Structure formats: C-alpha cells, structure tokens
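Letter by letter, the chains look like this.
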Amino acid sequence: MRKSDVLIVGGGLIGCATAWYLAREGAKVTLLDSGDFGMGASGQNAGSLHFQLERRFLENGDALAEQAARIAALSRLAISDWSSLEADLATDLHITMNGGLMVAETAEECALLERKITRENAEGLQTRMIDGDEARQIAPYLSEAICAAGYSPDEGHADARLVTHAIAIAAAKDGTVLRPRCRVQSIEKAGRKYVISTAEEQFAASQILIACGAWTAHVAAMLNLHIPLFPVGLLMNATERVAQAVPHLVQHVGRRLSMKQTHSGNLLIGGGWPSRMALDAEGRFALYRPPAVIESSLRDNLRVAIDVAPMIATISLIRSWTGITAISADQLPIVGEIPAMPGCWVAGGGSAFTLGPTFARLIAQSMSGKKREELEIVAPSRFSHLNSFMGQ
Amino acid sequence: MTNHSDVAIIGGGPAGQAAALTLDDLKLKTVVIDEQPRAGGQILRQPPRSFQIPAWMEDRTYAPLVKLLRRFEAQTSINWIGSHSVIGLRRRPDGLFTLTLCSPDGLRLVTAARVLIAAGCQDLAVPLPGWTLPGVYSAGGMQALLKAQRIVPGGHIVLAGTHPLQLLIAAQIVEAGGSVAAVLFSQPRGTMLKAGIRNGLRALDQLSAAFPAIRALATLRSHGVKVLYDAPIQAICGTDRVAAAQHPGGEIACDAVGLCYGFVSQSSLPRMMSAKMRKAGPAGGWATLCDEWMQSSIPGLYVAGETTGIAGANAAMASGKIAGFGIAAELGAISQDEAARRVSRHRANHRSLLRFARLLDEIADPRPFFPALRDDTLVCRCEEVALAQIDPVLDGRSANAVKLVTRCGMGLCQGRNCEPTLLRLLDNPNDPGFTARFPARPVAIGDLAT
Ligand SMILES: Cc1cc2nc3c(=O)[nH]c(=O)nc-3n(C[C@@H](O)[C@@H](O)[C@H](O)COP(=O)(O)OP(=O)(O)OC[C@H]3O[C@@H](n4cnc5c(N)ncnc54)[C@H](O)[C@@H]3O)c2cc1C
Ligand SMILES: Cc1cc2nc3c(=O)[nH]c(=O)nc-3n(C[C@H](O)[C@H](O)[C@H](O)COP(=O)(O)OP(=O)(O)OC[C@H]3O[C@@H](n4cnc5c(N)ncnc54)[C@H](O)[C@@H]3O)c2cc1C
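**Remarks on the overall build of chain A**
- For chain A, the count of helices and strands is 11 helices and 20 strands.
- The C-alpha radius of gyration of chain A comes to 21 Å, within 12% of the 21 Å expected for a compact globule of 392 residues.
- Projected onto the principal axes, the alpha-carbon positions of chain A cover approximately 65 × 45 × 40 Å.
- A buried classification covers 59% of the 392 residues belonging to chain A.
- Relative to all contacts within chain A whose residues are 6 or more apart in sequence, the contacts with residues 24 or more apart total 73%.
- Total accessible area on chain A stands at roughly 15100 Å², and carbon and sulfur atoms take up 52% of it.

Encoded structure:
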C-alpha cells in the first residue's frame, strides 16, 4: 500500500494543478489517471480564457445571470493566476491575453451586453462597452454587421495542448508520484483514511480529490455519493494554418461562438455547440468514445464565425473534433469538501480551463487548512440534500 | 442538392468498378464517387481526356483491368461523380447513409441504402534523413505522374526501398525515356528468394503474377540499370535539392529519389464510422474487418479492394464482385442462394490472390529495414515535427497523447502519412492510432456553412 498525504483521482487540468500546488508546499501527493494526463476535456477544449460573463448564463433568465455574476470574483483571481503561470512554470504555454470581444449584431443583443457589463463592473471586472466602429478598429477582421462589443482587456487564450502536460511535469519535479494509465476501480473509506485500488496497486491517504470531469459522478459512486455533474459533448473546429490575423478572443453575446488563432496559425472555432455522445450497450452515455459531429451544429457554428469575421469563409477546415466536459445541475462548478464525507474533495464542472488553475490553488490551500472563502459559491454543500440518504 | 441511390460506392478503382457493374446488372441504382476526374483508380490512373497517351497501359498484365474499365465507362446507367471527395459519412438512425461530397464547386449530399468503401491505398511514407528535400517522391507518386501525364522527373533517378514494385516503376521510367541511376533493395537477395520459395509453394497458381517483375528485371538489364541488393538507403543528401542517395556501399549521384516500401490502406472513412479495424500487415496501416460478403462491423457498410488489406488489383476486382453480390442479396435484388452460387468462383479466385499477396508481403517486409532517423529528421511533414520533439514523450503514452503535445499528425493530411511511423516508434501493439476526425479532406469553411 502506497501512502500519501493527498490522493488525486483524475489528471486533467484541475487534478494536475492541484497536485502541483500541493507538492510545491511539500505535501506528498499521488496523482492517478485512467489514461494519459490531460487527454480528457483539458486536452480537448478551446483554450479560451474568458472572463466576461458567459453567454450560457445570460440565455436562461435574469435570476441565473445574477447568481452567475458572483463567479466574477473567481474570474478576477483567474486573471492573475494566468498572468503568472508561464513564469511560475518557466515554460511557454502560448498564453496570450491581448483582450477579448464579445460581439453583438442586433439592438436586442446590444441591450443584453449593456446589462451584462453593468453587472460585471459591479463585480469589479474591467469590461467596457464599445461600438461597432471601435470594435473594428481593435479587430479589423470583424464584419460591418457588428454593432457593439463588450471588451475585456484581460481575455485571451492558452494552448490547451500544452498546459496540463507542463503542469504534470512540474508536479512530478516537485515530488508528485504520477500514475498515468491507472484506472481507479474502487475507493473505500477505512476509518479516517481513504483507500484507492487500481488493477495493480493500492493507495491510501487521509485526503482525496476527485477531479474526474465528466466521469466525476461515476467515481463518486464508488463512495456511494451523488455529485450532480453531467457529461456534455461539444464540438470544436480547426482551420488550416494561416498568417496571424486574429490576436483576440472573439465571442458572441447572442449566438454560440468562440474564436481565436493559435500560436501555430490555426483558427479554432467553437462556442458550445453540441455533439452527439455515443451510448454503451446498456444505453448509457459512453464517455470513452468520441461523440459524433452533429451536422447542424457544424453548419451553424461555422455560419456564426463567418457572420462575425467574413474572411473565414475561404479558409479550409481541416478538422472537427468533439470532446466531453461536465456541467452541474445549476451550471456553476462544484468545488470543495463534501460535507457528508470529510477529507473527500471534489472539483469539476463549468469552464474549468479558465478557472482550473484558480480552483486548484484554492483547493490546495483549503486542504492545507487555509480555508478560502472564494470557493463558497461553488461549494458542494448546495447539493447536500442529494446525499442525505447516501454515503458509507 | 440531395440525391438517393440504392448503393453509393466510394472509389472508382477496380474494386469499385467491379461492384458497380455487378449491382448495375442486377438493376440496382448505383452511384460511384471518386476524387479523380476519371475512373481507373490507382492502378489505371487515366490521363485527362484532352491528353491522349499512345499505347496507354497496353501491357498485357493490365488487360483484364482495362477491359473492366472500358465496360464500366460504357455503362451509362451507373451514375459517375468524378472530381468529388467524400469528406464525411454518416449512418442515420433509419439505417440510411448520408455522404458529404466536396468539390471546388461546393458541397453536395448523397444518400444511399448501402455504402461500399473501395478507397484503395497509398504509399507508406518512410522518413529518413533528407526525405523532405525537393526531388524526393513516393515511388507511387512518381508512377502516378508517369501513368496520367507521361511525366518523367528529369535527370537521374534512384528508386529505393523494399517493395518489388520499384522494379516495375523503374522499367516504366526507362521505357518512357527517363534515366534510372539504380534500384536499391534494402534486403539481401537471399532474404527475398527465401521468402519467395517458402511461400511460392502456397501460391503456385498465382506465380504468373510474378512475371511482370521478371520482365522488368530484363528491361532494366538491357538498359544497363544497376539493381543492388542488401543496399538499404540510409540518407538522401543535398543542400537545396537531391544530389545523392547514400547506402552502406557508397553514394549514388542522382537528381530524384523514389521511395518504395509498400502500401497502406486508406482508412479514414471506416475509422470515422468506428468500424472494426485490424493491423493491415508489415507495412503498417489499418485494414477494415469484414465478413464473407465484405460487410464491415457497421450494418450496411461494405468494404472492398485495398480498404480491406493490400492485395493488388486483381484481388480488388474479385472482392468488388463479392461485395456487389452481397449487397444485392441484402437488398433483395437476388436470392441468397443465387448470390452464393455466383460468388463461389470469385471467392476461390480471391483466396488464391490473397495467398500471393501474403507472399509479396513477406518478400517486401520493410520492418527490419526502416532507415534510422536522426534527431532532426521530420516524422510529421505537415507540422514539421522532428524526432527530437517526439522522443522525450515516448514514455508509454498513446499516439493521440503524443499528437496532442507535439502536433505530430495535426496537419492537413490528418496524420495519414506519419501515423505508421509514430506507431512504430511507440511500439505498443494495442494502440488504436489517431482518432479519425471529420473531414477526410480539407474543405472551405464557406462551403460547410450553407
Ligand atoms: C502507386 C501505386 C502503384 C500500385 N501498383 C500496383 C501494381 O502494379 N499492381 C497491383 O496489383 N497493385 C498495385 N497497386 C495497388 C492498388 O492500388 C491496386 O491494387 C488497385 O488499384 C486497387 O484497387 P482498389 O479499387 O482497391 O483501389 P484504387 O484503385 O486505389 O481506387 C480507389 C479510388 O478511390 C478514390 N478515393 C479514395 N478516397 C476517396 C474519397 N475520400 N473520396 C473520393 N474518392 C476517394 C481514389 O481516388 C481512387 O481512385 C498500386 C498502388 C499504388 C498506390
Ligand atoms: C470541446 C470543449 C471546449 C471547451 N472550451 C473551454 C474553454 O474554451 N474555456 C474553458 O474554460 N473551458 C472549456 N471547456 C471546459 C474545460 O475543458 C473543462 O472544464 C476542464 O478541462 C476540466 O478539467 P478537469 O480536470 O475537471 O477534467 P478532465 O480534463 O476531463 O480530466 C478528468 C480526468 O479524469 C480521468 N478519469 C476519469 N475516470 C477515472 C478513473 N476511474 N480513474 C482515474 N482517472 C479517471 C480522465 O481520464 C480525465 O483525464 C471546454 C470543454 C470541451 C469539451
């Protein structure tokens, strides 16, 4: 039996970064993943660093938007975490924070932008409203049809291909024991310790973190717990490499779009369009199979991109890929200790690329006894009722 | 514009033609789609209509294939869609298939009750120091130029690799007026002969298939072309273009090099459909698994020709016929018994051709002879990823994981060229390779958005 201070199940961005922050402070950490590190959502995502309120929070009514605005406090921390990440890791992760535009095409969308920005400013985020002409001055590739944009000076993107991998290497350098390709098969609570079994080994620690993204509910089930994180299949598109022309993150307030240009020159086009998840023999979502492209998602996603930046029409698509991420019952991430199960932490859901390093840092601090209030709005305790009849 | 057929065939090579003629005979509405303007496939790559080559493919080995092609082209009831790539394929919940076709004129959808993928194969790309210099070709690329346009690369040519096909290509080059400096076989002649004798007994009935190679040797001898054995090419030298080919016995000055290590099946469409695949053979690559009627693991999706493993043009033709009867029986155009009766001859022929293919596989087996790579040798040409970038992450992780951190396989060719090399470097027999993704060929965003 291998003993550690903390066992982390799931080597996505959250798991790897938590291991790194803990190990830097001298904790003995073991990090397990059923596959290679960073091959779940953390290696499939769009790499957007978005700090403006997300469109998905705006499209389901004012009450939800109000609640979501509280996530802005976490976004403020994320801005500073991403600003220092490359220096801390001494690695080039192609992080650019040249600003982001959330564009509007209609009067209605402009009004929505205005409400959004008022809310963000109240939360201390530095977004501002700019008109179409100013938007085109900043971003000449934008269409004449854009009548306004929310501008955030801090937004940008990072290379999702590299970030998790680099952090895993850093965590190992600081002493984390890495166990790639070791699927956790069971978790048991034995007194105050948790014992984790894989096909070949057993591990024990008094604290564990479940950071399994879309698989979190399956892994929590090993402890007879409910964690209401649901798998979501999404679509991403990459163009051929073209000369650098889009230095910003571009989003749309009324339609699904995220667009950016990678360091290598590919334009990445996404924005939360669904893909169709495969089903297993029992008719449940098959999380290890790539979801299928839905033609209408593909067409409509590319349509928005062209409407926003017409020059895209003549560029070639070289690849559409699909990935699975997790969304919670109330759309907010779930991050913190599970009240019914002291020592068992969970983190996942939402835009956990942007917020991943921040979640990881706050969990690492909280696990070491320095409780971080910023995590309160995302605490698992809001779902405690689901576990009133559960547990060991 | 959507149109519906009973059967859609992807690929107008011998396999696709044979299947189409069988289906058309049985009155099934059949469409054949190919990204080349004219039918023929790899083996009979046709010159453009405006460009007549005297005595094109008149060699008698090609006669049955040329006959098939002429019949196919004369059959006006078969709907031919040339110059269109199939970039996507989907099986709908109602069991029908939708194919997405792309051409310079935009996208087009075709639906069909059954689909046959007969997409052929391509040269195995084999990296070695200097392989990205201008003047280096795949032997197949060289032959395609020769067949379709009678273009012979200028200057002296070296052909190098392990596949006996390079003898034929060299002979075709000298016959077309080109100059071949040498043909280099990596393997010793003894190894080839031993494999030939060991397996030749199993493939006696197909030994005539070896005649073209024997004839090619005679042609080369009469033109004074050196054929060297046990002369593995190690590097291609030159500063801004090819100047010489290097092997342990020395350097051979030349202006172009054609590399010939064998062929790998086109597998992007079946893999996109999640059809069950198998390792194709010594050259690498993936063949689609199928039943005795050439149906893949996906109901209604059939495969024939090199898509099911490299076996040559005659085997492709035979398997196309089997697939044609299988599909026709499934669609009720012919009874099962009748289909079984009519394929039995083609099955026997196919089996014996497969035995010959295994013989060729063994003779041409490139595995012991892959050239050593240097740190700066590019493994992935599209994304310019060198061995030095890949080497540090060869730690047991998957091909997909290596692709993610190095970009090896992320380029325009969707990893078709570098995947075999990467899998070889990874040396994990259970690695399924890169996840196949839409689209099979690059396509303009504007075309997809309407
Ligand atoms: C360079 C080269 C030389 C060869 N020489 C010989 C030889 O001398 N003797 C021999 O027996 N075999 C040879 N082969 C092997 C082989 O190609 C032939 O056996 C024969 O052509 C196989 O027939 P097929 O119908 O399976 O495929 P092919 O003849 O290759 O036909 C496949 C067709 O599918 C089309 N296609 C593929 N993908 C798509 C797509 N996504 N959308 C639209 N169209 C598509 C291609 O354009 C092609 O025309 C050679 C192969 C190569 C690559
Ligand atoms: C297409 C797409 C685009 C996205 N775009 C963005 C974006 O632009 N910006 C943004 O902020 N967010 C984006 N997201 C969301 C973001 O990617 C995720 O929120 C984030 O990466 C989640 O990281 P994670 O560590 O929680 O989970 P993951 O990266 O999914 O990691 C979970 C890990 O757990 C492992 N695991 C599962 N079961 C077990 C087991 N039994 N034993 C051991 N290990 C196990 C898995 O193998 C996996 O590696 C996107 C997501 C997708 C899919």
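Still to come is the rest of the account.
**Comments concerning the overall build of chain B**
- Scanning chain B from N- to C-terminus turns up 13 helices and 22 strands.
- Its C-alpha atoms give chain B a radius of gyration of 22 Å, within 12% of the compact-globule value 22 Å for 450 residues.
- Along the first, second and third principal axes, the C-alpha atoms of chain B reach 65 × 50 × 45 Å.
- The buried share of chain B, taken over its 450 residues, is 59%.
- The long-range fraction of contacts in chain B, counting pairs at least 24 apart against all pairs at least 6 apart in sequence, stands at 66%.
- Accessible surface, chain B as shown: approximately 18300 Å² in total, 53% of it carbon and sulfur.
- If the 46 positive side-chain charges of chain B are averaged to one point and the 36 negative ones to another, these points end up 5 Å apart.

**Considerations on the nonpolar core**
- In terms of nonpolar packing, the biggest core is built from 57 residues, with A:Leu101, A:Leu142, A:Val250, A:Ile312, B:Leu89, B:Leu99 and B:Val115 touching the most fellow members.
- In terms of residue count, helix H10 (residues 295–308) of chain A provides more of this core than any other element does, six residues in total.
- The next biggest cluster of nonpolar side chains, apart from the first, holds 56 residues, and it includes A:Leu13, A:Leu77, A:Ala166 and A:Ala171.

**Some thoughts on the site of ligand 1**
Residues and elements named next belong to chain B.
- If you check the shell around ligand 1, you find 31 residues, and the closest are Asp34, Val86, Glu306, Gly312 and Ala313.
- A distance of 2.8 Å separates a nitrogen atom of ligand 1 from a polar backbone atom of Val86.
- Here an oxygen atom of ligand 1 and a backbone polar atom of Gly312 are 3.5 Å apart.
- The residue inventory of the shell around ligand 1, partitioned by class, reads 14 nonpolar, 13 polar and four charged.
- When residues of the shell around ligand 1 are assigned to domains, at least three fall in each of domain 1 (2–122 + 264–359) and domain 2 (125–261).

**Thoughts on the interface of chain B and chain A**
- Counting residues at the interface gives 32 residues for chain B and 32 residues for chain A.
- Here chain B packs against chain A, burying approximately 2700 Å² in sum over the two surfaces, 56% of which is carbon and sulfur.
- The three residues of chain B that bury the most area against chain A are B:Leu404, B:Arg437 and B:Ile445, which together make up 26% of that side's buried surface.
- Counting the contacts that link chain B with chain A gives two salt bridges.
- Residues B:Arg90 and A:Glu295 are paired through a salt bridge, measuring 2.8 Å at the closest nitrogen-oxygen approach.
- Of all the elements in the fold, those that place two or more residues in the side of chain B that touches chain A are helix H11 (399–406), strand S22 (443–444) and helix H13 (445–448) of chain B.
- The leading source of residues in the side of chain B that touches chain A is H11(B), at six residues.
- Taken together, the residues that form the side of chain B that touches chain A break down as 15 nonpolar, 10 polar and seven charged.

**Structural notes on the domain arrangement of chain A**
Residue and element names in this part refer to chain A.
- When the domains of chain A are assigned, the result is domain 1 (2–43 + 161–228 + 330–387) and domain 2 (97–156 + 230–328).
- Of note, the centres of domain 1 and domain 2, computed from C-alpha atoms alone, are 29 Å apart.
- Counting residues at the interface gives 15 residues for domain 1 and nine residues for domain 2.
- At the boundary of domain 1 with domain 2, total buried surface from both sides reaches about 1100 Å², with 55% on carbon and sulfur atoms.

**So, the site of ligand 2**
Residues and elements named next belong to chain A.
- Residues in contact with ligand 2 amount to 37 residues; listed here are only the nearest, Asp33, Ser42, Val184, Ala352 and Thr354.
- Between an oxygen atom of ligand 2 and a main-chain N or O atom of Ala41, the distance comes to 3.0 Å.
- Starting from 1000 Å² of accessible surface for ligand 2 in isolation, the protein chains cover 95%.
- Elements that contribute at least two residues to the shell around ligand 2 include exactly helix H1 (13–24), helix H2 (41–44), strand S14 (229–241) and strand S18 (316–328).
- Across the shell around ligand 2, the residue classes break down as 18 nonpolar, 17 polar and two charged.
- Mapping the shell around ligand 2 onto the domain boundaries places at least three of its residues in each of domain 1 (2–43 + 161–228 + 330–387) and domain 2 (97–156 + 230–328).

**Considerations on the pairing of strand S15 (residues 256–260) of chain B**
Residues and elements named next belong to chain B.
- Here S15 lies mainly inside the structure; five of its five residues are buried.
- Where burial is concerned, the two faces of S15 agree: the one with Ala256, Gly258 and Cys260 and the one with Val257 and Leu259 are both buried.
- Bridge count between strand S8 (residues 136–138) and S15: three bridges; the pairing is parallel. From the neighbouring strand, Ser138 faces S15, where its bridge partner is Leu259.
- Taken together, the five bridges between strand S9 (residues 156–161) and S15 define a ladder with parallel strand orientation. Of the residues in S15, the one forming a bridge with Leu159 is Gly258.

**Regarding the state of the cysteines**
Residue and element names in this part refer to chain B.
- According to the stated counting rule, one finds zero disulfides over all chains in the structure shown.
- Here Cys254 is not disulfide-linked; the sulfur of Cys237 is the nearest cysteine sulfur, at 8.6 Å.
- Cys254 gets classed as buried once you look at its relative accessible area, which sits at 3%.
- Distance from the sulfur of Cys408, which forms no disulfide, to the nearest cysteine sulfur (Cys418) is 3.7 Å.

What counts and how
Residues numbered from 1 in each chain as written. Chains lettered and ligands numbered in written order. Predicted model: local features only at pLDDT ≥ 70, side-chain atom pairs only at ≥ 80, totals over all residues. Heavy atoms only, no water. Helix = DSSP H or I, 4+ residues; strand = E, 2+ residues; numbered from the N terminus. Rg over C-alpha atoms; globule rule 2.2 N^0.38 Å. Buried < 20%, exposed > 50% of the residue type's maximum accessible area, 1.4 Å probe, protein only. Contact = heavy atoms within 4.5 Å. Areas by Shrake-Rupley, 256 points an atom, 1.4 Å probe, with all protein chains shown as cover. Lys, Arg positive; Asp, Glu negative; His and termini not counted. Charge placed at Lys NZ, Arg CZ, Asp CG, Glu CD. Core = buried A, V, L, I, M, F, W, Y, C linked by side-chain atoms within 4.5 Å. Near = heavy atom within 4 Å. Polar contact = N/O pair within 3.5 Å; in protein donor to acceptor, adjacent residues only side chain to side chain. Nonpolar A, V, L, I, M, F, W, Y, C, P; charged D, E, K, R; others polar. Domains from an automatic or database assignment. Buried area = accessible area lost by both parts, 1.4 Å probe. Salt bridge = Lys/Arg side-chain N within 4 Å of Asp/Glu carboxyl O. Pairing = 2+ DSSP bridges. Disulfide = S-S within 2.5 Å.

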